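These are the residues of each chain, in order.
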Amino acid sequence: MPLRPQRPIDPDRAFGRGSVSGTALAAVLAAVAGASAALAAAPHGATDQGALLCASLATGLFSAMLIRRVARSRGAVARRHGELAAAAEAARERSEETAEALRSLPQGIATFDADGRLRLANDRFAAVLGLDPGTVRPGTHASEIAASCGVPSAQALLEAGLVTTLATGTAVQLSVSRTTRGGTVVLAEDATARTEAERRIRRLAQTDGLTELPNRTAFLAGVDREIEGGTPFALLCIDLDRFKEVNDTLGHPVGDALLREVSGRLRGLLRADDVAARFGGDEFVVLQRNASDVREAAALAMRIVDAIGKPFRVEGYRIDIGASVGIACSPIDGNVRDELHRKADLALYRAKAAGRGTWRSFDQSMDEEIRHRHAVETAMRRAILRKEFAIHYQPIVDAGTGRRTSMEALVRWTNGDGTPMPASAFLGIAEETGLIVPIGRWVLEEACREAAAWRSDLRVAVNVSSRHARRADFAEEVLAVLRSTGLPPHRLEIEIAESLFDGPDHELAVEALLRLRTMGVRIVLDDFGSGCSRLADLRRFPFDRIKIAGNLVGEIGGDDGAVALVRSVLSLGQALGARVTVEGVETPEQVRRLMAEGCSEMQGYAFGRPMPADAIADLRTPPEPLRLSA
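Residues numbered from 1 in each chain as written. Predicted model: local features only at pLDDT ≥ 70, side-chain atom pairs only at ≥ 80, totals over all residues. Heavy atoms only, no water.

Looking up the chain in an unreviewed UniProt entry gives the name Diguanylate cyclase/phosphodiesterase with PAS/PAC and GAF sensor(S), with the organism given as Methylorubrum extorquens.

A.B. asks: How should I be thinking about empty space enclosed by the protein in this particular structure?
C.D. replies: One way to see where empty space is left: roll a probe the size of a water molecule over the atoms. According to the stated counting rule, one finds 1 cavity of 30 Å³ or more in the structure shown. Considering only enclosed or pocket space, the largest cavity measures out at about 50 Å³ in volume. Surrounding the largest cavity, Leu346, Tyr349, Arg350, Met366, Glu369, Ile370 and Arg373 form its lining. Among the secondary structure elements, those contributing two or more residues to the lining of the largest cavity are helix 12 (337-353) and helix 13 (364-386). Here the element with the most residues in the lining of the largest cavity is helix 13; it accounts for 4 residues. Split into classes, the residues belonging to the lining of the largest cavity amount to 4 nonpolar, no polar and 3 charged. (1 Å grid on protein atoms, 1.4 Å probe; cavity = no way out; pocket = protein on both sides within 12 Å on 5 of 7 lines; lining within 4 Å. Points joined across faces, edges and corners; volume = space filled by probe spheres on them. Helix = DSSP H or I, 4+ residues; strand = E, 2+ residues; numbered from the N terminus. Nonpolar A, V, L, I, M, F, W, Y, C, P; charged D, E, K, R; others polar.)

A.B. asks: It is not clear to me how the packing of aromatic side chains should be interpreted in this structure. Could you clarify?
C.D. replies: To describe a pair of aromatic rings, one takes the distance between the centres and the angle between the planes. Scanning the entire structure with this criterion turns up 6 aromatic pairs. On the numbers, 6.1 Å between centres and 45 degrees between planes, the contact of Phe389 with Phe426 is tilted. Of this pair, Phe389 sits in strand 13 (residues 389-398) while Phe426 sits in helix 14 (residues 423-433), placing them 37 residues apart in sequence. Residue classification places Phe389 among the buried residues on the basis of a relative accessible area of 10%. (Phe/Tyr/Trp six-rings, centres within 6.5 Å; stacked < 30°, edge-to-face > 60°. Buried < 20%, exposed > 50% of the residue type's maximum accessible area, 1.4 Å probe, protein only.)

A.B. asks: I would appreciate a short explanation of the packing of helix 12 against helix 13 in the present structure.
C.D. replies: To describe two helices that pack against each other, one gives the angle between their axes and the distance between the axes. The interhelical angle for the contact between helix 12 and helix 13, taken along N-to-C directions, is 85 degrees, at an axis separation of 10 Å. By the angle between their axes, helix 12 is roughly perpendicular relative to helix 13. For the pair helix 12 and helix 13, contact is made by Glu339, Arg342, Lys343, Leu346, Ala347, Tyr349 and Arg350 and by Ser365, Met366, Asp367, Glu369, Ile370 and Arg373, respectively. Considering only residue class, the contact of helix 12 with helix 13 consists of 5 nonpolar, 1 polar and 7 charged. (Axes fitted to C-alpha atoms, helices over the stretch in contact; angles between N-to-C directions. Parallel < 35°, antiparallel > 145°, perpendicular 65-115°, else oblique. Contact = heavy atoms within 4.5 Å.)

A.B. asks: Sorry, what's going on with the nonpolar core here?
C.D. replies: Inside soluble globular proteins, nonpolar side chains tend to come together where they are buried. With 76 residues, the main nonpolar core has Met380, Tyr393, Val460, Leu492 and Ile494 as its most contacted residues. Ranked by size, the runner-up nonpolar core spans 32 residues in total, among them Leu236, Leu270, Val286 and Ala301. (Core = buried A, V, L, I, M, F, W, Y, C linked by side-chain atoms within 4.5 Å.)

A.B. asks: Is there a simple way to think about the pairing of strand 7 (residues 275-280) in this case?
C.D. replies: Each regular strand shows side chains that alternate between the opposite faces of the sheet. Alignment of strand 7 against strand 8 (residues 283-289), held across 5 bridges, turns out to be antiparallel. Residue pairing across strands places Val275 opposite Leu287, the latter belonging to strand 8. As consecutive antiparallel partners, strand 7 and strand 8 are separated by 2 residues, and within that stretch Gly281 has a phi angle of approximately 60 degrees, a positive value. (Pairing = 2+ DSSP bridges.)

A.B. asks: Whenever I open this one, the pattern of salt bridges confuses me. Can you help?
C.D. replies: Side chains that differ in charge, positive against negative, can pair when their charged atoms come close. In this structure the tally under the stated criterion is 36 salt bridges. For the salt bridge of Arg318 with Asp320, the shortest nitrogen-to-oxygen distance reads 3.0 Å. For Arg318, a relative accessible area of 54% corresponds to the exposed category. Using a relative accessible area of 38% as the deciding quantity, one classes Asp320 as partly exposed. In this structure, Arg483 and Glu476 form a salt bridge, with 2.8 Å as the shortest nitrogen-oxygen distance. A relative accessible area of 34% places Glu476 in the partly exposed class. (Salt bridge = Lys/Arg side-chain N within 4 Å of Asp/Glu carboxyl O.)

A.B. asks: I'm lost on the sheet that holds strand 6 (residues 233-241) in this one. Help?
C.D. replies: Two orientations exist for strands paired in a sheet by backbone hydrogen bonds: parallel and antiparallel. On the basis of which strands lie adjacent, the open sheet formed by 5 strands has the order 7-8-6-11-12 and mixed pairing. Edge positions in the sheet fall to strand 7 and strand 12 (359-361), since each has one partner strand and no second. With strand direction ignored, the average angle separating the axes of adjacent strands in the sheet is 20 degrees. Strand direction decides the pairing type here: strand 6 and strand 8, joined by 7 bridges, are antiparallel. Across the sheet, Leu236 pairs through a bridge with Val286, a residue of strand 8. Helix 8 (residues 216-229) rests against strand 6, strand 7 and strand 8 of the sheet, and its axis sits at about 25 degrees to strand 8.

A.B. asks: Would you take a moment to explain the environment of Met519 for this structure?
C.D. replies: One can find Met519 in the loop between helix 18 (506-518) and strand 18 (522-528). Classification of Met519 by relative accessible area gives partly exposed; the value is 46%. Once the C-alpha coordinates of Met519 and Pro489 are considered, the two residues, 30 residues apart in sequence, prove to be 6.6 Å apart. Excluding residues that lie within four positions of it along the chain, Met519 makes contacts with Leu479 and Pro489.

Structure follows, in structure tokens:
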């Protein structure tokens, strides 16, 4: 069959543009086509052997190159298959790593689709919710999971992060986030330990750690709620009497144990609705709800005073203390929390001033008193700066010779407006506010300065408050004054009250007084017999002189009992080697009776009233015996 001429082959269409292999194959095909054309053009029956050979070679070459092309394509397919297999292995490894990470999370994690059906969850998710892992399967609806574990609803599970307590008692923190396709990711964490820690922290923030009563913050918040509710109630402020002595003598551990016992007794006195709290130290407060009037609060106050006044047995010790109570009622005394507390405190102060172991309810006079005290304190501070204080001196005389042996320095104050202020009107306030220290320091320095110019056999006596004497630098302060004024130590007498031995740091004060005594300063016990005088106080310190309080002398002219008391103290002073001075001697009859009892020294209006130094004769010159004042 004769060969027909073939159309030229486009190599780019046959094998692809730009392909080296395609171009080579196209050349071979062109050669085969040319050979075929030559054979077709030869005369019939004539054979062109060269063209035939060329066609045969070109056809063989084309076949070889085509086979090579197919082989290369198969290699590319094999490489692509390998790449896909490697990618699939990497994806499998990543999936396993992700699964391992989910399994190792301490939290449970689950994903839900937009319809609320579970797609994926780790085992921890079921464990945190207290479920069998087999029940948490893909496709399970969130409502089924919520019902199984005690979460309120599917909405609670999927729409809001919260802390919920399961039926098992486990607290679970649920955190929720949204996916881009409308699904939900839920993170579940066991929050039991954290919730309990937070609860303990809140409790500690509102509870007194020692007594486990509510503390100030929690108590005052409760008062605020009562005020908002508008129901009547009473506040009772309680202060323990003599508690400081327990700490000082038996130590703070025993004191702490005593406070726990006190709190227990308070709880036992209250109704279920009432609340007791500890504000710190030995200060307790009670909120008595639905107290219709002061009488109900007073009845509770009396029960508290009675219960705390009974002996305690603490760590083998019998301890006797007491309680003072102040009452303020709402709405009678106001509806402002801090104001009510202040008024209850004022009533407490009045109860303590009345002798302790009692109660007082607020009345308006207490408010007026505190305003007056504040005004006096302010005026005293101003008086210290303006030097409004002065010193008057009252003689102490030798009963046998009638001559002055000492002059007691007594502070006087004339207010800026010219009004004289009695000592009784400001010294107590000065003691409470601490102003007694700068006032006492000024009196000491001024008295020593003036006395340094007196005759050498006349001493000056200066009253020193217990608060002043307990200061750590008190002894050095006195010695510095003596050095600066030039007054010899033996011409200074320091008068102290018995209360020095009852307060805090009294050992420090005793040590300072002993040091001064070794330097020659005389130490005098003032107002012996004015309060709860104790013979033990006379054994604690070697006093140079004891001053009998003037209240024992008032009836000495006709009261044999008063005479007997003075006689006893005179004998006691003689036995202790201390001189005895009787204060408050005002009449000639008293002088005669005291002299008959052997009294060595006297002081009082019978021998002269307090006067400024420049108005007293014989301070610088040899004295004349004093005559009794009419």
